Amino acid sequence: MSLDRCIKIAPSILASDFANFGAECEAIEAQGCDWVHVDVMDGHFVPNITFGPETCKAIRPHIRTVMDVHLMIAPVDQYLKAFAEAGSDILTIHVEAGPHLHRSLQYIRDLGCKAGVALNPSTPAGAIEHVLDLVDLVCVMTVNPGFGGQKFIHSQIGKVAEIREMIGDRDIHIEIDGGITPQTGPLMAAAGADVLVAGSAVFRGGSVANPGPYGENIRAIRAASEAARS
Ligand code: DX5
Ligand code: ZN
């Protein structure tokens, strides 16, 4: 098994200064994050709108680690090429966003990106059983997608353990998105997750001018979550 299963912290720039994305990405990377999580919302699949592929393309040169793009949009297929051309490393789409998940995931890999599949809190683990050979990442939503700063949904812990079991020795990351803090991260790390997305819990208390708190927040989530593993 070659996959890096160490805990990776992926700050969501949804909680950053929207007028300053480039500098925010550089600040969180300088403060020790592993990936940068980019939330794309369409006001249709989710009740909020963020930005599209042009913004992803604009921030790409400011990211040296991994640009992890979470597409909360439906329909999704006709936009995948633009997000791939914007330089996404990982493109994650939702199980609930369209009828042809298998085809969409194949297409993401054909475009040269890693393929991720996300599940809303109400979607059972079994929904991805037959696409596991097509994905590099499974994202378990621990809030209903659409907004940052929501409360972590504890019922998803069992789902993560179930997915970890289903994955077996396949090289697939398990990412958790929503309400991650130094208190909730460890619960998911113990259940088998290796990528923790955190918006408000990373950006809280800091800014581009004062990025130190970003680093403290990242280290707090990482330390607590790594400890839960051992
Ligand atoms: C929710 C987004 C998340 C969210 C995480 O729809 O996909 O990435 O911004 O933010 P927090 O950590 O504040 O819940
Ligand atoms: Zn997200």
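Our subject in this report is the structure included herewith. (Residues numbered from 1 in each chain as written. Chains lettered and ligands numbered in written order. Predicted model: local features only at pLDDT ≥ 70, side-chain atom pairs only at ≥ 80, totals over all residues. Heavy atoms only, no water.)

Strand pairing in a sheet takes place through backbone hydrogen bonds and is either antiparallel or parallel in direction. The strand order β1-β8-β7-β6-β5-β4-β3-β2 describes an open sheet built from eight strands, whose pairing is parallel. Here the strands that pair on one side only, and so sit at the sheet edges, are β1 (8-11) and β2 (36-41). Going across the sheet, the axis of each strand differs from the next one's by a mean of 25°, ignoring polarity. Examined bridge by bridge, β2 and strand β3 (residues 67-72) share six bridges and lie parallel to one another. The residue of β3 that forms the bridge with Val36 is Met67. Across the sheet, helix α8 (residues 212-229) touches β1 and β8 (195-198), and the angle it forms with β1 is around 145°. (Pairing = 2+ DSSP bridges. Helix = DSSP H or I, 4+ residues; strand = E, 2+ residues; numbered from the N terminus. Axes fitted to C-alpha atoms, helices over the stretch in contact; angles between N-to-C directions. Contact = heavy atoms within 4.5 Å.)

A word on the coordination of the zinc ion (ligand 2). All of the protein donors around the zinc ion (ligand 2) are His37 (NE2), Asp39 (OD), His70 (ND1) and Asp177 (OD); their distances to the metal are 2.0 to 2.3 Å. Coordination at the zinc ion (ligand 2) is octahedral, judged from the six donor atoms that bind it and the angles of 68 to 171° they form at the metal. (Donors = N, O, S within 2.8 Å, 3.2 Å for Na, K, Ca; no water. Tetrahedral: all angles 85-135°; square planar, octahedral: opposite > 155°, others 65-115°.)

Bringing the pairing of strand β4 (residues 90-94) into the picture now. β4 sits mainly inside the fold: five of its five residues count as buried. Both faces of β4 are covered, namely the face carrying Ile90, Thr92 and His94 and the face carrying Leu91 and Ile93. Both β3 and β4 contribute to a ladder of three bridges, which runs parallel. Its bridge partner being in β4, Asp68 is matched across the sheet by Ile90. Note on the crossover from β3 through helix α3 (residues 80-85) to β4: the handedness is right-handed. Relative to strand β5 (residues 114-119), β4 runs parallel, the two sharing five bridges. Looking at the pairing, Ile90 lines up with Lys114 of β5. Read as a crossover between parallel neighbours, the route from β4 over helix α4 (residues 101-110) to β5 is right-handed. (Buried < 20%, exposed > 50% of the residue type's maximum accessible area, 1.4 Å probe, protein only. Right-handed = clockwise from strand over helix to strand, strands pointing away.)

Looking along the chain, the bond that leaves Ala74 and enters Pro75 is cis, with omega of -5°. Residue placement: Pro75 occurs in the loop between β3 and α3.

Enumeration according to the criterion identifies four aromatic pairs in this entry. Both rings, one in Phe18 and one in Phe21, keep their centres 4.7 Å apart while their planes meet at 50°; by these two values the pair is tilted. A ring pair is formed by Phe203 and Tyr214, whose centres lie 5.0 Å apart and whose planes are at 70°; its orientation type is edge-to-face. Of this pair, Phe203 sits in helix α7 (residues 200-203) while Tyr214 sits in helix α8, and the two are 11 residues apart along the sequence. Its relative accessible area of 6% is what places Phe203 among the buried residues. Residue class for Tyr214 comes out buried when judged on its relative accessible area of 1%. (Phe/Tyr/Trp six-rings, centres within 6.5 Å; stacked < 30°, edge-to-face > 60°.)

Quick look at the environment of Asp136 now. Within the secondary structure, Asp136 sits in the loop between β5 and β6 (137-141). The exposure class of Asp136 is buried, given its relative accessible area of 15%. Sequence separation of Asp136 and Met72 is 64 residues, and the distance between their C-alpha atoms is 18 Å. Aside from chain neighbours lying at most four places away, what touches Asp136 is Arg109, Lys114, Ala115, Asp171, Ile172 and His173.

Turning our attention to the pattern of salt bridges. Under the defined criterion, the tally for this structure stands at seven salt bridges. Note that Lys8 is salt-bridged to Asp194, the shortest N-O span being 3.0 Å. Separated by 186 residues along the polypeptide, Lys8 in strand β1 and Asp194 in the loop between α6 (185-191) and β8 bring together distant segments of the chain. Using a relative accessible area of 5% as the deciding quantity, one classes Lys8 as buried. (Salt bridge = Lys/Arg side-chain N within 4 Å of Asp/Glu carboxyl O.)

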